[in-house]
Amino acid sequence: MSLSPTGALRHSGSLFAMGLDVLRTIPKRPFQMREFIQQAWFVASVTILPTALVSIPFGAVIALQIGSLTRQLGAQSFSGAASVLAVLREASPIVTALLIAGAGGTAICADLGARKIREEIDAMQVLGIDPIHRLVVPRVLATMLVAVLLNGLVSVVGVAGGYFFNVVLQNGTPGAYLASFTTLAQLSDLWAAELKALVFGAIAAIVASYKGLTAKGGPKGVGDAVNQSVVITFMLLFVTNFVMTAVYFQIVPQRG
C-alpha cells in the first residue's frame, strides 16, 4: 500500500467503491448459493472454536473486574447486570469482529490473492464473468451470517464464563447474579450487538476481498495483502464500533 496521501486516498476511494459495487450486485441473479454455503461453512469452521475459547477469558476478566468493583461499592447485587451489559454490548461484537477479521478475513484475502496472481480473476473478466458477483458477494454474505451467529455464541459463552468466575471464585450469590440480568440490560442491547456483528462481518469481508483482488507481486504480495487487510479491518472496526455505540446511546433510552 502506498504511504503517500494521494495513494491512501486512492485506495480508500477504491475500497469504498467496491463496497458500493457489492451492495449493487447483491440483488443480481443468479445467486451463487453453492459458493455461499461453502464459504459460510469454511468461515464458521475456522472461527467457531477460537471464538468460543477467546470469549471465556473475556467474560472472566469482565466478571472479575466488575465483581471487585461492585464489592468495593457495596453493590454486589448488580454484578450480574453489569457483567451481562458489558459482554452483550461491547465484548461479544468486538470478539466476533476480531476473530472474523483475523481468521476468516485472512483466509478470504489469501484465497482471492492467490487467484489474482494466477490470473484467474483476469480470465474470468475476459469470459465476461463479474468477480464481484461470482466471488465477492457470496463471501460477504457468508461472513455476515457467520458473524451474527458467532455473536450469539460469544454472548452465551461470555455470560456463562462470567457467572462461573463470579459465583465460584468471588463467592457471589447465584440467585442474585441471575436475577439482576434484566436490571440494566434490555432486548435492544442484543439487537444492537447483532447489528454491530452484521456490519463488522461485512467490513471484514469487503476489506479482505479488496486486498485480495488488488494483490500483486507474487506470493510475497499476497502475504503483504493479508497483513494489510487485517490492520485496515481492525482500524475500521474500532472506528465503526465507536460511531455505532454513540448513535445507539442517542436513540435508545437507557435503564437506570
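Note that this is a predicted model, so its numbers are computed, not measured. (Residues numbered from 1 in each chain as written. Predicted model: local features only at pLDDT ≥ 70, side-chain atom pairs only at ≥ 80, totals over all residues. Heavy atoms only, no water.)

(A) Geometry of the overall build of the protein. Summing up its helical and strand segments, the protein has nine helices and zero strands in all. Here the protein holds 256 residues, and 46% of them are scored as buried. Partitioning the intrachain contacts of the protein with sequence separation of at least 6 by distance along the chain shows that 85% fall at a separation of at least 24. Counting every atom, the protein has about 12,700 Å² of accessible surface; 72% of that belongs to carbon and sulfur. (Helix = DSSP H or I, 4+ residues; strand = E, 2+ residues; numbered from the N terminus. Buried < 20%, exposed > 50% of the residue type's maximum accessible area, 1.4 Å probe, protein only. Contact = heavy atoms within 4.5 Å. Areas by Shrake-Rupley, 256 points an atom, 1.4 Å probe, with all protein chains shown as cover.)

(B) Main features of the nonpolar core. In this structure, Ile100, Ile132, Val136, Val140, Val146 and Leu213 are the most contacted members of the largest nonpolar core, which totals 42 residues. Secondary-structure elements contributing two or more residues to this core are helix H1 (5-25), helix H2 (33-73), helix H3 (79-117), helix H4 (120-126), helix H5 (131-169), helix H8 (187-213) and helix H9 (218-251). Ranked by size, the runner-up nonpolar core spans six residues in total, among them Ile62, Ile66, Val84 and Val159. (Core = buried A, V, L, I, M, F, W, Y, C linked by side-chain atoms within 4.5 Å.)

(C) Region of the structure containing the UniProt feature "transmembrane region" (unreviewed entry) in the protein. Here, the residues flagged by UniProt with the feature "transmembrane region" (unreviewed entry) are residues 40-64, 94-114, 140-165, 190-210 and 230-251. Annotated as residues 94-114, this span is 100% helix and 0% strand, and its ends, taken at the C-alpha atoms, are 29 Å apart. (UniProt positions renumbered as here; feature names shortened; annotations may be inferred.)

(D) The arrangement of the side chain of Thr51 in detail. Turning to its location among the elements, Thr51 is positioned in helix H2. Taking relative accessible area as the criterion, Thr51 reaches 0% and is therefore assigned buried. Setting aside its immediate chain neighbours within four residues, Thr51 contacts Val95, Leu99, Leu150 and Val154.

(E) Expanded view of the packing of aromatic side chains. Using the criterion set out here, one finds two aromatic pairs in the structure. With centroids separated by 5.8 Å and ring planes inclined at 55 degrees, the aromatic side chains of Phe31 and Phe36 adopt a geometry described as tilted. Judged by relative accessible area, which is 28%, Phe31 ranks as partly exposed. Ring centres of Tyr248 and Phe249 lie 5.9 Å apart, and the angle between their planes is 50 degrees; this geometry places the pair in the tilted category. (Phe/Tyr/Trp six-rings, centres within 6.5 Å; stacked < 30°, edge-to-face > 60°.)

(F) Quick look at a nonpolar patch on the surface. A contiguous nonpolar patch, built from Val239, Phe242, Val243, Val247 and Ile251 and spanning about 510 Å² of accessible area, is present on the exposed surface. Note that Ile251 resides in helix H9. A relative accessible area of 61% places Ile251 in the exposed class. (Patch = residues over 30% accessible without salt bridge, like charges linked within 9 Å, V, L, I, M, F, W, Y side chains within 5 Å. Salt bridge = Lys/Arg side-chain N within 4 Å of Asp/Glu carboxyl O.)

(G) Seen up close, the packing of H5 against H8. Between H5 and H8, the shortest axis-to-axis distance is 8 Å and the interhelical angle comes to 145 degrees. Considering the relative orientation of H5 and H8, their crossing is right-handed. Contacts between H5 and H8 involve Ile132, Val136, Arg139, Val140, Thr143, Met144, Ala147, Val148, Asn151 and Gly152 from the former and Ala193, Glu194, Ala197, Leu198, Gly201, Ala202, Ala205, Ile206, Ser209 and Leu213 from the latter. Looking at the contact of H5 with H8 residue by residue, the classes come out as 13 nonpolar, five polar and two charged. (Axes fitted to C-alpha atoms, helices over the stretch in contact; angles between N-to-C directions. Left-handed = near helix turned anticlockwise from the far one by under 90°. Nonpolar A, V, L, I, M, F, W, Y, C, P; charged D, E, K, R; others polar.)

(H) Seen up close, the pattern of salt bridges. Enumeration according to the criterion identifies nine salt bridges in this entry. Among the salt bridges present, the one from Glu35 reaches Arg139, with a minimum N-O distance of 2.8 Å. One end of the pair, Glu35, is in helix H2; the other, Arg139, is in helix H5, and 104 residues separate them in sequence. On the accessibility criterion, Glu35 (9% relative accessible area) is buried. Classification of Arg139 as buried rests on a relative accessible area of 1%. Between Lys220 and Asp224 there is a salt bridge, with its nearest N and O atoms 3.0 Å apart. Remark: Asp224 and Lys220 occur in helix H9; sequence separation between them is four residues, near one turn of the helix. Looking at Lys220, the relative accessible area reads 60%, which means it is exposed. Put simply, Glu35, Asp111, Arg115, Arg118, Glu120, Arg134 and Arg139 are held in one network by salt bridges that share partners.

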